[in-house]
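# Per-entry structural report
In case you want the letters, here they are:
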Amino acid sequence: MSSTIRNRRQNTQIVMASPVVGGASVTPSDSTDIAESTISLYVGTAGTLKVTMFDGSVVTYGAIAAGRHPLRVKRVWATGTSATNIVAE
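Residues numbered from 1 in each chain as written. Predicted model: local features only at pLDDT ≥ 70, side-chain atom pairs only at ≥ 80, totals over all residues. Heavy atoms only, no water.

## Quick notes on the overall build of the chain
Let me state the cut-off plainly: The helix count covers DSSP runs of H or I at least four residues long, the strand count covers runs of E at least two residues long, and both are numbered beginning at the N terminus. Classification of residues uses two cut-offs on accessible area relative to the type maximum, computed with a 1.4 Å probe and protein chains only: under 20% is buried, over 50% is exposed, and between them is partly exposed. Contacts between residues were defined by any pair of non-hydrogen atoms, one from each residue, lying within 4.5 Å.
Broken down by element type, the chain carries zero helices and nine strands. For the chain, the sequential pattern of α-helices and β-strands runs β-β-β-β-β-β-β-β-β. The burial tally for the chain puts 33% of its 89 residues in the buried class. Across the chain, every contact between residues at least 6 apart in sequence was considered, and the portion connecting residues at least 24 apart equals 62%.

Structure (structure tokens):
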């Protein structure tokens, strides 16, 4: 069963398995949220990843692999993140 998410930019539902239709480079920051919460993150270079999730919880992934990850996040932290080439999708 796929989970669905309401896309705030359009009055449609997105299924997590839907293809990516846009993206933006992420500059990790300890004080600034991403303009729109993500459907997923693409990590270009593996490492640690500290994020604020859509629900406000802060999570650190100790060894996140390079690739696309279905993470709904509001912030990618500079402190605690060594992964690079991150794209918000």
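## Re the nonpolar core
This is how the line gets drawn: Here, nonpolar core refers to any group of buried Ala, Val, Leu, Ile, Met, Phe, Trp, Tyr and Cys residues whose side-chain atoms link them within 4.5 Å.
Judged by nonpolar contacts, the single largest core of 13 residues is most densely connected at Leu41, Leu49, Val51, Leu71, Val76 and Ile86. Within the residue set of this core, elements represented by two or more residues are β4 (41-45), β5 (47-53), β8 (73-76) and β9 (84-88). The element that contributes the greatest number of residues to this core is β5, accounting for three residues.

## Section: the packing of aromatic side chains
Stated precisely, the cut-off is as follows: Two aromatic rings, drawn from Phe, Tyr or Trp (for Trp, its six-membered ring), form a pair once their centres lie within 6.5 Å of each other, and the interplanar angle then sorts them: stacked below 30 degrees, edge-to-face above 60, tilted otherwise. We call a charge positioned over a ring when the NZ of a Lys or the CZ of an Arg lies within 6 Å of the ring centre and within 35 degrees of the ring normal.
Across all of its chains, the model carries zero aromatic pairs by this definition. Over the ring of tryptophan 77 we find lysine 50, and its NZ or CZ is 4.5 Å from the ring centre. It is arginine 75 that lies over the ring of tryptophan 77; its NZ or CZ is 4.9 Å from the centre.

## Some points on the sheet that holds β8
So the rule is basically this: For two strands to be treated as a pair, DSSP must find no fewer than two bridges joining them. Axis definition: a line fitted to C-alpha atoms, over the contacting stretch in the case of helices. Angles run 0 to 180 degrees between N-to-C directions.
Read from one edge to the other, the open sheet built from three strands follows the order β6-β5-β8, with strand pairing classed as antiparallel. Edge positions in the open sheet fall to β6 (58-64) and β8, since each of these has one partner strand only. Adjacent strand axes in the sheet meet at a mean angle of 35 degrees, parallel and antiparallel pairs treated alike. Bridging between β5 and β6 involves five bridges; their strand directions are antiparallel. Of the residues in β6, the one forming a bridge with leucine 49 is tyrosine 61.

## A look at the confidence of the model for the chain
Rules: Across the chain, each position has a pLDDT score giving the predictor's confidence in that residue, from 0 to 100.
Of all residues in the chain, 79% attain a pLDDT of 70 or more, and the chain-wide mean is 85. Mean pLDDT across the secondary structure elements of the chain bottoms out at strand β1 (residues 4-6), with 47, and peaks at β5, with 97. Across residues 1-7, confidence stays below pLDDT 50; counting only partners more than four residues off in sequence or on other chains, it has 18 contacts.

## Describing the sheet that holds β9
Spatially, four strands are ordered β3-β9-β4-β7 in an open sheet, and the strand pairing comes out antiparallel. Since the sheet does not close on itself, it has two edges, and those belong to β3 (24-25) and β7 (67-69), each with one partner. In this sheet, β9 lies alongside β4 in antiparallel orientation, the contact comprising four bridges. Each bridged residue has a counterpart across the sheet, and for threonine 45 the counterpart in β9 is threonine 84.

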